[in-house]
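# Report on the structure
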Amino acid sequence: YKLVNLKVFPWFGLDIGGTLVKLVYFEPKDITAEEEEEEVENLKSIRKYLTSNVAYGSTGIRDVHLELKDLTLCGRKGNLHFIRFPTHDMPAFIQMGSEKHFSSLHTTLCATGGGAYKFEQDFRTMGDLQLCKLDELDCLIKGVLYIDSVGFNGRSECYYFENPTDAERCQKLPFNLENPYPLLLVNIGSGVSILAVYSKENYKRVTGTSLGGGTFFGLCCLLTGCSTFEEALEMASHGDSTKVDKLVRDIYGGDYERFGLPGWAVASSFGNMMSKEKRESVSKEDLARATLVTITNNIGSIARMCALNENINRVVFVGNFLRINTISMRLLAYALDYWSKGQLKALFLEHEGYFGAVGALLELLGSA
Amino acid sequence: MDLLTALYSCSEKATYGCKVKGGSLTKLAYYSTVQHKVARVRSFDHSGKDIEHEPLYEISVQEEITARLHFIKFENTYIETCLDFIKDHLVNTETKVIKATGGGAYKFKDLIEKKLGLKVDKEDVMTCLIKGCNFVLKNIPHEVFAYQKDSDTEFRFQTNHPNIFPYLLVNIGSGVSIVKVETEDKFEWIGGSSIGGGTFWGLGALLTKTKKFDELLQLASKGQHTNVDMLVKDVYGGAYQTLGLSGNLIASSFGKSTTADKEFSKEDMAKSLLHMISNDIGQLACLYAKLHNLDKIYFGGFFIRGHPVTMRTITYSINFFSKGEVQALFLRHEGYLGAIGAFLKGAEQDNPNQYSWGENYAGSSGLMSTSPDVFPMQRTRSGTFDMFEMDRLERPLVNLPLLKDPSTYIPDTVDLTDDAMARKYWLTCFEEALDGVAKRAAASQPDSIDASERAEKFRQKYWNKLQTLRQQPFAYGTLTVRSLLDTREHCLNEFNFPDPYSKVKQKENGIALKCFQSVIESLDSLGWEERQFALVKGLLAGNVFDWGAKAVSDVLESEPQFGFEEAKSKLQERPWLEDSYSQWLERLKEGPPHKCALIFADNSGIDIILGVFPFVRELLSRGTEVILACNSGPALNDVTYSESLIVTERIAAMDPVIQSALREEKLLLVQTGSSSPCLDLSRLDKGLAVLVRERETDLVIIEGMGRAIHTNYYAALKCESLKLAVIKNSWLADRLGGKIFSVIFKYEVPCK
């Protein structure tokens, strides 16, 4: 027995958030014939099921494009898979684990996020599984630092937008986060947590806001009748928020020079909707766009204030709100750059919402 | 009437009376000169006349012109009526320009220019707002309050801080502006947010199909946000303990509405929206306050204005995000700031900032009054007007330089907004005394044909004020015995009873002067120690004569012979209820004479002439200079400055000590700047303050219930002080643990 083999497969990291469950799975690619022989049927079928599908049930999805190939973890070579499904399907997930006799594998299931606490009892009673609960912020930071250090299949994990204020010249460019500290980490899930990270071990939660991804999606559902995040984003991409929002120029006819406010700045989000005629003239797409812009700008504004208060000039945005959401990322990059007069830089990571789950997996291996 | 005006018009909706259709409001500020009657006293020329049977001095009522700032708020539908009103009164043709600010300034520009023939000069909204804010912070006591929903006192008024800068003003209109104000002229927009009142209104209208701002707030106050918001416990199953986040905190606003197949109630959505916006604003305000190192945050704008619901959520948010380090503060006259500022801009050549101003309680409708006074020109219609008036005071008011800590000085002893028992008692007490006051007012003007009619109007007005205060004790700031007394004086003035006690005072002064010499003779016959005690007893006995207290006015009305000696016999025997006489005597015996004593006098007649003057005389004999401070204007039977001049002149004619002291300027008469039966040491005539400093005053003597018990009982001074009074109210005596006619003799030496 080699020391590294002490940790039995399968290796999972689980992050159960308010809206989404994020699951990372390490698929070993260096299995010896001997190992294969010994591998129990259960384990084999789990591996096959997860790696040969890209969708699970009606709601589970594997983000194939995020897969990390030929990773060495604890002396084992393999691929890291990234899977997500809605938190409301958690009972079905536990049920499946029970049916597949997951508990007979004698592995530890490391989980983080609020759901690790909320569903702990269900895991025990329904699945006969003891969860190893981990703090979500610890996991988040561990995950970010690890993924950034291994890179994204030879590319940079971290990126930024150059010329964010110029729509034509704006482009996505890699960013070297080799020496990351101090940094402000803004995690946008259903809600938002903002952390100031000074070193691997030294970080603090600065603040948080309840206006997050859940708010965007929740308001969009109410305003447009959409039912998925993708649908909401799609609508937003075709809308015009300036029909919904009252801009500085709508009030002052141009820039408000007394305060140095540009005419294009939003003076009042949804401010035009105070008028009946304007309420009747906007489209669902416009409303979706305004919701997205409102929530994004607000997060940018709070993040900027925290960065100033903490005297940090790099702000890393993560979380699933940013998934397939280039509008928000560009807006954040633009807002941070503009309002800080170029002093603050908005950074993004390719694996957006999966860092907590990665951190949980690392905890599993580290505790061996 | 000289009228300078300013308009502040914005898209704010009428917020009171659900029956009234909400329209946009316009605030009008105008400056007028008000003619009102004042009582004057003048010495007769006594040469060759029989002075035995003549009154001491002549009383006349004259017309006086004072400046008053008026602020009114009305719905835009009445703008034409309002402009007619301005036009009718705009006699001064020098006024060529009217200052206007706010969105409506653009809207009504043409109408105003056409109607009034004046040029409309638009002023920057925020500049006006800040100007107005500085003005009210400086000039109006109890302007600032904190809101506490679940406490007995919803509105907790703050003491005016001598230095109002720097502060943060968070104006929540359709968006949010965060402005840092550093000095009178220096302010800076440091940030803002687009999530503001317009977001609540616009998004709220979309979500609930409810069009009006007020109705949205009403919906919100009935809703349950937990049905719509994702709470920490929805994610964690309980609290997030590692971070100490309670399970009831909102993790994601609208996080539960992420589904197309569930219906949510309008109330719940409105509530969730209200929380979302209030929390967000509070969080940003705290972040800005932290960044700029500020701890005073005032909130204003239509989102806040008079809405307990939003004041509550903003207060909660500030408290949460600042971990209790910053308090959310609100302003009583917040809705008028823009109008005040626009007005001040227009009146800059008059430099209104050089004056002190006082809120006129009679002409102001108070915080969130449900029954605002009806604007004169609108009496026939159902009024939705809210008014606020400030009188320009003759002379600037300043802090007494001897106050130990002006920033924590609170004049009033009992806060009646806080103390429900005391409030009930005093409101009832003032109600019961009202008929008598009205009767006396009518009787004071026997030659006027409409005196009883005016007295009745006065009675009705003050009665209504008392009823308003029963319902809304916070309407004019912290409710105190002083504010009740002052409101009564303002109401009496409003109906042209400038000095109902003038004749009584005249008569009493005459009687007392006749006794002066014999009192002095008997005092002079005593040994030193005996005389000191007799002087103090005389001061106290004199103070029993107080028409302000009901128990005493009863006695005086029925037993006019009730004399000085009898008053002495009524006094409590030592030890008194509060008794530091021995220390005082010790001080006189052992210590060096005081350099200069400042005495705040109380009543006319026996009190000032037979009580205060012998005491003054003794101090002068010891080599102590005396500054005798009397009220500038009449209040009850308190001696006024002009009366004190005549009385002193007459005493000087009889007494060489007083005479030479006057001549050598060792006895100085000054006015307090006040017309109140109580005393606010933070608002005193500037001349008095200058003199106090010049003469190196080291002893302050405050006498009477109004000045030494209702106010200043706990006032801490930098020098020695003597507070003395006879408690002429059995309820108050009982509260302090004594009986009626108990004596308070409080001699204090500041600790080194």
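Everything numeric here is computed off the predicted structure, so don't read it as measured data.

Attention now moves to the overall build of chain B. Helices and strands together make up the secondary structure of chain B, namely 24 helices and 25 strands. Going through the 752 residues of chain B one by one, you find that 60% of them count as buried. Here chain B has roughly 29800 Å² of accessible surface; of this, 49% comes from carbon and sulfur atoms.

At the interface, 51 residues of chain B touch 55 residues of chain A. Buried surface at the junction of chain B and chain A, both sides included, amounts to about 4300 Å², of which 66% is carbon and sulfur. Taken as a group, B:W189, B:L206 and B:Y236 account for 14% of the area that chain B buries against chain A, more than any other trio of residues on that side. On the surface where chain B and chain A come into contact, there are one salt bridge. A salt bridge links A:E310 to B:K290, with the nearest nitrogen and oxygen atoms 3.9 Å apart. For the pair chain B and chain A, the number of links is 20 residue pairs in polar contact (both at pLDDT 80 or more). At the level of elements, α4 (125-139), β9 (176-181), β10 (187-193), α5 (197-208), α7 (232-236), β12 (250-252) and α8 (266-291) of chain B are the ones that each hand at least two residues to the side of chain B that touches chain A. Here the residues of the side of chain B that touches chain A sort into 29 nonpolar, 17 polar and five charged.

The subject of this paragraph is the sheet that holds β10(B). All names here are of chain B. Strand order in the open sheet formed by seven strands is β7-β6-β14-β13-β8-β9-β10, with mixed pairing between adjacent strands. At either margin of the open sheet sits one strand with a lone partner, and together these are β7 (155-157) and β10. The average angle at which neighbouring strand axes cross in this sheet is 35°, direction not considered. Across six bridges, the pairing between β9 and β10 is antiparallel. Within β10, the position partnered with I178 by the bridge is G191.

Membership of the largest hydrophobic core comes to 99 residues, with the highest contact counts inside it found for A:V186, A:F317, A:F348, B:F200 and B:F299. It is α8(B) that contributes the most residues to this core, 13 residues altogether. Residue contacts for B:F299: discarding those within four places in its chain leaves B:V170, B:I172, B:I281, B:A285, B:I304, B:I314, B:I318, B:A328, B:L329, B:F330 and B:E334. Membership of the second largest hydrophobic core comes to 72 residues, among which are A:F102, A:L109, A:V358 and B:L249.

A few words now on unusual backbone geometry. The step from A:F9 to A:P10 runs through a cis peptide bond, and the omega angle for that step is 5°. Here A:P10 shows up in the segment before β1 (11-16). The step from B:R574 to B:P575 runs through a cis peptide bond, and the omega angle for that step is -5°. The topology assignment puts B:P575 in the loop between α17 (564-570) and β18 (578-579). Not every positive phi belongs to a glycine, and A:I324 is a case in point at roughly 45°. Tracing the sequence through the fold places A:I324 in the loop between β16 (314-318) and α12 (326-339). The phi dihedral of A:K341 falls on the positive side, at around 50°, and the residue is not glycine.

As a further point, take the pairing of strand β13 (residues 203-209) of chain A. Residue and element names in this part refer to chain A. For strand β12 (residues 192-197) and β13, the ladder comprises six bridges, and the chain directions are antiparallel. If you follow S193 over to β13, its bridge partner there is G208. Between β12 and β13, which pair antiparallel and follow one another directly, the connecting turn spans five residues.

This model, assessed by the stated rule, comprises zero disulfides over all chains. Between A:C132, a free cysteine, and A:C110, which holds the nearest cysteine sulfur, the sulfur-to-sulfur gap is 3.7 Å. Among the residues examined, A:C132 registers a relative accessible area of 26% and is labelled partly exposed. Summary of cysteine pairing: B:C596 is not part of a disulfide, and the nearest cysteine sulfur, belonging to B:C719, is at 9.7 Å.

Residues and elements named next belong to chain A. Side chains of E34, E36, E37 and E38 sit close together on the surface and give a patch of like negative charge. Secondary-structure assignment places E36 in helix α1 (residues 33-38). For E36, a relative accessible area of 35% gives the class partly exposed.

This part is about a nonpolar patch on the surface. Together, A:W264, A:Y338 and A:W339 make up an exposed nonpolar region whose accessible area comes to about 280 Å². Relative to the elements of secondary structure, A:W264 occurs in the loop between α9 (248-252) and β15 (266-268).

Below, the discussion takes up helix α22 (residues 686-694) of chain B. All names here are of chain B. Taken together, the buried positions of α22 are L688, A689, L691 and V692. Looking straight down α22, one finds that the buried residues subtend no more than 165° of arc, so they occupy a single side. Among the exposed residues of α22, those pointing more than 90 degrees away from its buried face are R693 and E694. Elements that come into contact with the buried residues of α22 comprise β17 (397-398), β19 (596-600), β20 (625-630), β21 (667-671) and β22 (684-685).

Rules used in this analysis
Residues numbered from 1 in each chain as written. Chains lettered and ligands numbered in written order. Predicted model: local features only at pLDDT ≥ 70, side-chain atom pairs only at ≥ 80, totals over all residues. Heavy atoms only, no water. Helix = DSSP H or I, 4+ residues; strand = E, 2+ residues; numbered from the N terminus. Buried < 20%, exposed > 50% of the residue type's maximum accessible area, 1.4 Å probe, protein only. Areas by Shrake-Rupley, 256 points an atom, 1.4 Å probe, with all protein chains shown as cover. Contact = heavy atoms within 4.5 Å. Buried area = accessible area lost by both parts, 1.4 Å probe. Salt bridge = Lys/Arg side-chain N within 4 Å of Asp/Glu carboxyl O. Polar contact = N/O pair within 3.5 Å; in protein donor to acceptor, adjacent residues only side chain to side chain. Nonpolar A, V, L, I, M, F, W, Y, C, P; charged D, E, K, R; others polar. Pairing = 2+ DSSP bridges. Axes fitted to C-alpha atoms, helices over the stretch in contact; angles between N-to-C directions. Core = buried A, V, L, I, M, F, W, Y, C linked by side-chain atoms within 4.5 Å. Disulfide = S-S within 2.5 Å. Patch = residues over 30% accessible without salt bridge, like charges linked within 9 Å, V, L, I, M, F, W, Y side chains within 5 Å. Lys, Arg positive; Asp, Glu negative; His and termini not counted. Charge placed at Lys NZ, Arg CZ, Asp CG, Glu CD. Arc of directions from axis to C-beta.

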